[in-house]
Amino acid sequence: MASNTIKRIQELKKSRNAVILAHNYQRGEVQDIADFRGDSLELSQQATRTKADIIVFCGVHFMAETASILNPQKKVLLPDASAGCPMADMITAEQLRQKKKELPGATVVTYVNSTAEVKAESDYCCTSANGVKVVNAIKSKEILFVPDQYLGDYISKKTGKPMHLWPGYCPTHVKILPENIIQRKKEHPKAKVVVHPECRPDVIALADEVASTSGMVRYAARDDVKELIVGTEVEIVHRLTKENPGKKFIPASNKAICPNMKKITLEKVLDSLETLTPEVRVPEEIRVRALIPVERMLEIV
Ligand code: 13P
Ligand code: SF4
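Residues numbered from 1 in each chain as written. Chains lettered and ligands numbered in written order. Predicted model: local features only at pLDDT ≥ 70, side-chain atom pairs only at ≥ 80, totals over all residues. Heavy atoms only, no water.

Student: Is there a simple way to think about helix 12 (residues 236-243) in this case?
Tutor: Residues three or four positions apart in an α-helix share a direction because the helix packs 3.6 residues into each turn. When we look at burial in helix 12, the residues that qualify are Ile 236, Val 237, Arg 239 and Leu 240. Looking straight down helix 12, one finds its buried side chains confined to an arc of 160°; they lie on one side. Those residues of helix 12 hidden inside the fold are in contact with helix 2 (28-33), strand 2 (36-38), helix 11 (213-220), strand 11 (227-231) and strand 12 (248-251). (Buried < 20%, exposed > 50% of the residue type's maximum accessible area, 1.4 Å probe, protein only. Helix = DSSP H or I, 4+ residues; strand = E, 2+ residues; numbered from the N terminus. Arc of directions from axis to C-beta. Contact = heavy atoms within 4.5 Å.)

Quick look at the structure:
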């Protein structure tokens, strides 16, 4: 029974001195038992602040890796080891090394949705919340942005800085099409539209606001937002609805589901706390190199 599972999770969390972090796309019931919910940036910041010995990361692999890069002395658990991010796997460290040879003067800015090995080859990291700030802070004339071409395109337009873009994309966000937004606007003419910068440029062009998942949480709380069409993974509507009673949230497309985020269940969280597995640990030689771009990002924001 779910209530027994939740009770046992709470007990083990205390006895093991563990903290549970959950991304805004996690199943509602997983978000509800977490100590902190947030976007990629907030969760990595939270990982550096926690006094817990164990971090149970309810998200996908690169997020747990980032927590481990920042906290080598802590045990980081990912309740389902196979919860990956297909976009993060669209570039390998070897491919990036090759590209750097072709563009020897370029500064490499890497979206946090990437493997630790790729971060280790990078100059700066960024998230969807701080990409514009990070790129604005870079003096170099030539920038290579990996792996998300759409976030890169959005940042390039916002900063006015042309960038070389790696052709990666999020398979979940590309399911949101311009016609979905147009249809939703017809159905809800008073609604505002917020979309994630991983969306295609023709979707971004139709939005009132472009934001990271926690940026969306803040936007939804504004007094002038009563009805909101949300262009990102559908599960964020759980948090938006819970925190904004009386407001209406409409997913731009019900097809925008990240199957990897859905792999984490309450039962797996409990199992993870019981067995202290699966652990995500970045080999020290990679970790020390990956830490540099991550810390540079955290200094800018
Ligand atoms: P946020 O950093 O905005 O939470 O996004 C993470 C992500 O994976 C979006 O698909
Ligand atoms: Fe990766 Fe997209 Fe899932 Fe985010 S929504 S974790 S970018 S596949």
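Further notes follow.
Student: Help me out: how do you make sense of the sheet that holds strand 3 (residues 54-58) in this one?
Tutor: Backbone-to-backbone hydrogen bonds pair the strands of a sheet. The strands run either parallel or antiparallel. Across the sheet, 4 strands lie side by side as 2-1-3-4; this open sheet has parallel pairing. Looking at strand neighbours, the two that pair on one side only are strand 2 and strand 4 (75-77), the edges of this open sheet. Each strand axis lies, on average, 20° off the axis of its neighbour in the sheet, ignoring direction. Across 3 bridges, the pairing between strand 3 and strand 4 is parallel. Across the sheet, Val 56 pairs through a bridge with Leu 77, a residue of strand 4. Along the sheet, helix 3 (residues 40-49) makes contact with strand 1 (18-23), strand 2 and strand 3, crossing strand 2 at roughly 145°. (Pairing = 2+ DSSP bridges. Axes fitted to C-alpha atoms, helices over the stretch in contact; angles between N-to-C directions.)

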